[in-house]
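What follows is the residue order along each chain.
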Amino acid sequence: MTNSLKGHSKDLGDNFTIRRVLPAMEKRSVGPFVFFDHFGPVPVVTGEELVVRAHPHIGLATITFLYDGVITHRDSLKVEMDIKPHETNWMVAGSGIVHSERSKFDAKYEVLEGIQTWIALPKEKEEIDPSFEHFSESEIPVLKKDGLIFRLLGGNFLGLHSPATVHSPLFYADIEMKPEAEAVNWILSDTEEAGLYVSRGSIESNGESYAVGSMVLFEKGTAVSFKAKQNSRLMLLGGEPLNEKRHLYWNFVSTSQETIERAKERWAKDEFPKVPNETDRIPLPT
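So, a few notes on the structure that sits alongside this text. (Residues numbered from 1 in each chain as written. Predicted model: local features only at pLDDT ≥ 70, side-chain atom pairs only at ≥ 80, totals over all residues. Heavy atoms only, no water.)

## Digging into the sheet that holds strand β5 (residues 51-57)
1) Next: Here four strands make up an open sheet; going across it, the order is β5-β10-β7-β8 and the pairing antiparallel. A strand with exactly one partner marks an edge of an open sheet, and here the two such strands are β5 and β8 (80-83). For this sheet, the mean angle separating the axes of adjacent strands, direction not counted, is 20°.
2) Next: Here five bridges tie strand β7 (residues 71-75) to strand β10 (residues 97-103), and the two strands are oriented antiparallel to one another. Residue pairing in the sheet places Thr72 in a bridge with Arg102 of β10. (Pairing = 2+ DSSP bridges. Helix = DSSP H or I, 4+ residues; strand = E, 2+ residues; numbered from the N terminus. Axes fitted to C-alpha atoms, helices over the stretch in contact; angles between N-to-C directions.)

Here you go:
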């Protein structure tokens, strides 16, 4: 097994850059996490740096977390919510949801930067009703120790419990570290695996150095240990891998290829629910 992954940069247009780490050829998922994108940093000039028109999802949960900037989320449940730094949006697609994401101008923030991840739902919950949860900074459990700030965005870890509704055993956290700060022997259970992504700065782990864009992998039952070489920002993700293979097509995730094909047909025929105040939609890729 490879001990790390490297994100691949992609320009989505207008100099809006993302790094995609999952899925990778070397490893398709980490725990139940099947998708990991680091977007930005991109200067905020007009507020329209990110424009993602209405598009559908099935069979997964999406989590959006920002370092800088503001994004407005709108969905077919009639939710309209701004997300800001140190907040999270948890959107469960289940049987099907449609949403849009648009950055907006806020004088507090000179750039837009954040992380979006997808979590595959367990097979028996792929068709649950869609839902949405938003958590403010004050609702996210925090652990502070010796130059390290650990914010648990989802699941259970280090004795903390996130209020976010999750559908399989997992953990997801934002970590800030000062130079020389350390995390020592965060033990994974025999059923959990983990990935540690470097968003800013650089770290050392198991005798190796890792810079921005790298994700260090930790196998089941091992210890997560690392040290910051400079001011750093990290994302820790993982949990129990799901038993069945997942099919991924565009924004659709499912254990069933037939379910994917049905979702493709539904979107092509405009049969998904509509997003209020959105008149444009992303067509099905051909």
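## Side note on the pattern of salt bridges
Side chains that differ in charge, positive against negative, can pair when their charged atoms come close.
1) Next: Per the stated rule, a full pass over the model turns up 19 salt bridges.
2) Next: In this structure, Asp37 engages Arg20 in a salt bridge whose closest nitrogen and oxygen atoms are separated by 2.8 Å. In this pair, Asp37 sits in strand β4 (residues 33-43) while Arg20 sits in strand β3 (residues 17-22), placing the two residues 17 residues apart along the sequence.
3) Next: Using a relative accessible area of 8% as the deciding quantity, one classes Asp37 as buried.
4) Next: A salt bridge links Lys227 to Glu180; the shortest N-O distance between them is 2.9 Å. Residue Lys227 is located in strand β22 (residues 223-228), and its partner Glu180 is located in the loop between β16 (170-177) and β17 (182-187); the two are separated by 47 residues in the primary sequence.
5) Next: Assessed through its relative accessible area of 27%, Lys227 is described here as partly exposed.
6) Next: Taken together, the shared-partner salt bridges connect Arg74, Glu80, Arg102 and Glu278 into one network. (Salt bridge = Lys/Arg side-chain N within 4 Å of Asp/Glu carboxyl O. Buried < 20%, exposed > 50% of the residue type's maximum accessible area, 1.4 Å probe, protein only.)

## Remarks on unusual backbone geometry
1) Next: Looking along the chain, the bond that leaves Leu22 and enters Pro23 is cis, with omega of 0°.
2) Next: Counting through the fold element by element, Pro23 comes out in the loop between β3 and β4.
3) Next: The omega torsion across Gly40 and Pro41 is 0°, close enough to zero to call that bond cis.
4) Next: Although it is not a glycine, Asn206 adopts a positive phi angle of roughly 55°.
5) Next: By the element assignment, Asn206 lies in the loop between β19 (202-205) and β20 (208-211).
6) Next: A residue is classified by how much of its surface remains accessible, and Asn206, at 61% relative accessible area, is exposed.
7) Next: If you check the backbone angles, Trp250 has positive phi at about 55° while not being a glycine.
8) Next: Examined against the element boundaries, Trp250 turns out to sit in the loop between β24 (247-249) and β25 (252-254).

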